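Summary of structural features
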Amino acid sequence: MVIATPAQQADLRKKTYELADQQDDVIIAIGLWLEVKETTRANQVAIARQDEFDDMHYTTLTRWLKQLPDETHLIRVVIYRSLLNDILENDRSMAYGHAARYYKHLVKLDAFINRSDASYMGLDHHKNYVDSIQKKHGKKYSFWDRVES
């Protein structure tokens, strides 16, 4: 893009938009949006296709979290929630330490989102999400103890 003329840049950007919208793989779609600095669109795709993260292996998600740019707060929320839900819903008690860490990341992300001009863009707000997991997994005391420590 740097050496392309403005007309070529516009054409490349248009082709990237079309390609991103056609992707079956959510990570590739989001990656393409991020490549052209369309973070808002990348966030929208992550929210719209959040169920697809549930089918991904945790190593893929954790590796991807490390590579995401700083401004991708909503994508991070979607991924951390997916990881946390997987651990709690599948009673992976050996991973409750990881789950508590993911929960704490969500708390920090919520604080940032509330301080900034960002919004949850249709994604459940943090309080609603926490209420739902407390209702569903409130008796998993080992997990909640780790969250409190």
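As a reminder, the structure under discussion sits directly above these lines.
Let us look at the structure shown here.

Considerations on the pattern of salt bridges
A complete count under the given rule lists seven salt bridges for this structure. Across the pair D86 and R92 runs a salt bridge, and its minimum N-O distance is 3.2 Å. According to the relative accessible area criterion, D86 is partly exposed, its value standing at 30%.

Things to note about unusual backbone geometry
The phi angle at D91 is positive, at roughly 50 degrees, despite the residue not being glycine. Phi is positive for M121, close to 45 degrees, though the residue is something other than glycine. Mapped onto the secondary structure, M121 falls in the loop between helix 6 (96–115) and helix 7 (126–137). We classify M121 as partly exposed; its relative accessible area is 31%.

Side note on helix 4 (residues 58–67)
Within helix 4, burial applies to L61, W64 and L65. Along helix 4, the residues classed as buried sweep out an arc of 105 degrees about the axis, all on the same side. Away from its buried face by more than 90 degrees, helix 4 exposes K66 and Q67. Elements in contact with the buried residues of helix 4: helix 2 (26–35) and helix 5 (73–89).

Cut-offs applied
Residues numbered from 1 in each chain as written. Predicted model: local features only at pLDDT ≥ 70, side-chain atom pairs only at ≥ 80, totals over all residues. Heavy atoms only, no water. Salt bridge = Lys/Arg side-chain N within 4 Å of Asp/Glu carboxyl O. Buried < 20%, exposed > 50% of the residue type's maximum accessible area, 1.4 Å probe, protein only. Helix = DSSP H or I, 4+ residues; strand = E, 2+ residues; numbered from the N terminus. Arc of directions from axis to C-beta. Contact = heavy atoms within 4.5 Å.

No statement about biological role is implied by the geometric values presented.
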